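# Examining the three-dimensional arrangement
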Amino acid sequence: MPDIKQNYLNVLESVKKAAENCGRDPGSVRLIAVSKTKPIEYVVKAAEAGAVDFGENRPQELAAKQAEMPELRWHQIGTLQRNKVRHIVGKCALIHSVDSLALALEINKRAKAAGLVQDVLIQVNITGEETKSGIEPSELEALLNEIKSMDAVNPVGLMTISVAGSTPDENREVFSKLKKLADRFGLKELSMGMTHDYVEAIECGATMVRVGTAIFGARDYGTR
Ligand SMILES: *Cc1c(COP(=O)(O)O)cnc(C)c1O
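Read on for an overview of the structure. Owing to the predicted nature of the structure, the values given are computational and were not obtained by experimental measurement.

A separate point is the overall build of the chain. A count of helices and strands for the chain gives nine helices and eight strands. Its C-alpha atoms give the chain a radius of gyration of 17 Å, near enough to 17 Å, the size a compact globule of 224 residues would have. By the burial criterion, 49% of the 224 residues in the chain qualify as buried. Sequence separation of at least 24 residues holds for 58% of the intrachain contacts in the chain that already meet a minimum separation of 6. Within the structure as shown, the chain displays about 10500 Å² of accessible surface, and the carbon and sulfur contribution to it stands at 47%.

Within the secondary structure, Leu9 sits in helix 1 (residues 4-21). Sequence separation between Leu9 and Ile215 is 206 residues, and the spatial gap between their C-alpha atoms is 8.7 Å.

Glancing now at unusual backbone geometry. Here Thr37, not a glycine, exhibits a phi torsion of approximately 75°, which is positive. Positionally, Thr37 belongs in the loop between strand 1 (30-34) and helix 2 (40-48).

Before going further, it helps to examine the site of the ligand. Around the ligand, the surrounding shell consists of Val34, Lys36, Ile77, Met159, Ile161, Met194, Thr195, Arg210, Val211, Gly212, Thr213 and Arg219. At 2.7 Å from an oxygen atom of the ligand is found a side-chain nitrogen or oxygen belonging to Lys36. A distance of 2.8 Å separates an oxygen atom of the ligand from a polar backbone atom of Gly212. Taken by itself the ligand offers 390 Å² of open surface, and the protein chains cover 90% of this. Here the shell around the ligand is built from residues that sort into six nonpolar, three polar and three charged.

Before going further, it helps to examine the pattern of salt bridges. What the rule picks out here adds up to 13 salt bridges. Here Glu106 ties to Lys109 by a salt bridge, and the two come within 3.8 Å at their closest N and O atoms. Here Glu106 and its partner Lys109 are both found in helix 5 (residues 101-114), three residues apart, which amounts to about one turn of the helix. Note on Lys109: relative accessible area 51%, which makes it exposed. The closest approach of N and O atoms between Lys177 and Glu173, which form a salt bridge, is 3.6 Å. Here the residue Lys177 and the residue Glu173 both occupy positions in helix 7 (residues 168-184), the gap between them amounting to four residues, near one helical turn.

Core analysis: the largest hydrophobic core is formed by 62 residues, its most contacted members being Phe54, Ile107, Leu158, Val209 and Ile215. For this core, the leading source of residues is helix 1, giving six residues. Look past the residues within four positions of Leu158 in its chain and what remains in contact with it is Leu121, Ile122, Val124, Leu140, Leu178, Leu181, Ala182, Leu187, Glu189, Leu190 and Ser191. In this structure, Ile32, Leu94, Leu121 and Met159 belong to the second largest nonpolar core, which totals six residues.

The rules we used
- Residues numbered from 1 in each chain as written.
- Predicted model: local features only at pLDDT ≥ 70, side-chain atom pairs only at ≥ 80, totals over all residues.
- Heavy atoms only, no water.
- Helix = DSSP H or I, 4+ residues; strand = E, 2+ residues; numbered from the N terminus.
- Rg over C-alpha atoms; globule rule 2.2 N^0.38 Å.
- Buried < 20%, exposed > 50% of the residue type's maximum accessible area, 1.4 Å probe, protein only.
- Contact = heavy atoms within 4.5 Å.
- Areas by Shrake-Rupley, 256 points an atom, 1.4 Å probe, with all protein chains shown as cover.
- Near = heavy atom within 4 Å.
- Polar contact = N/O pair within 3.5 Å; in protein donor to acceptor, adjacent residues only side chain to side chain.
- Nonpolar A, V, L, I, M, F, W, Y, C, P; charged D, E, K, R; others polar.
- Salt bridge = Lys/Arg side-chain N within 4 Å of Asp/Glu carboxyl O.
- Core = buried A, V, L, I, M, F, W, Y, C linked by side-chain atoms within 4.5 Å.

Here it is in structure tokens:
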């Protein structure tokens, strides 16, 4: 096992420095430890170091880990299929990846049945990569208006993923565009930045960064 406690503390320190370096309150950026594919022991170590926010991309994995550690705040950060919504409503603090009206309607239905209001982010595909999920920026206004009319879904912000292997300047361009969109629609939360680009994301206004590799080590999908 990597030294998860030390890794978490190092990343947390680096997140705070990045915020201070651009004149932001270090408390205004939430570090989400992305524990997908990693065993619960890894989550325990990070929690011991003080981590409270954890990100997962598979609904069943999120639900299983949440059942073991319900005191933590769980985030669904990956593409979410409609038929998986039932696994996570009521178990996750925030769904980062709403990318269609159909998905939002399903979340609304499930949250209403559970008697709660689910906070969500809308995922926007800023880079225009066809492989990426997320709506086009031009579709945001319409989707947002639909979601605002739902009783049990609360849209609190936007999420995006930059292109792997981009330069810092290219990342800044992507993140600034998301920030502008959020400002235009009065949305407060911005989930952007991963292990390789969270510093630029913080410079551009991220309120949440999603960091996996730098805390838990590389993921090995081959042995799952
Ligand atoms: C896996 C994942 C992350 C974490 O990526 P790292 O490069 O390991 O920090 C962040 N966001 C999303 C949406 C992910 O799927």
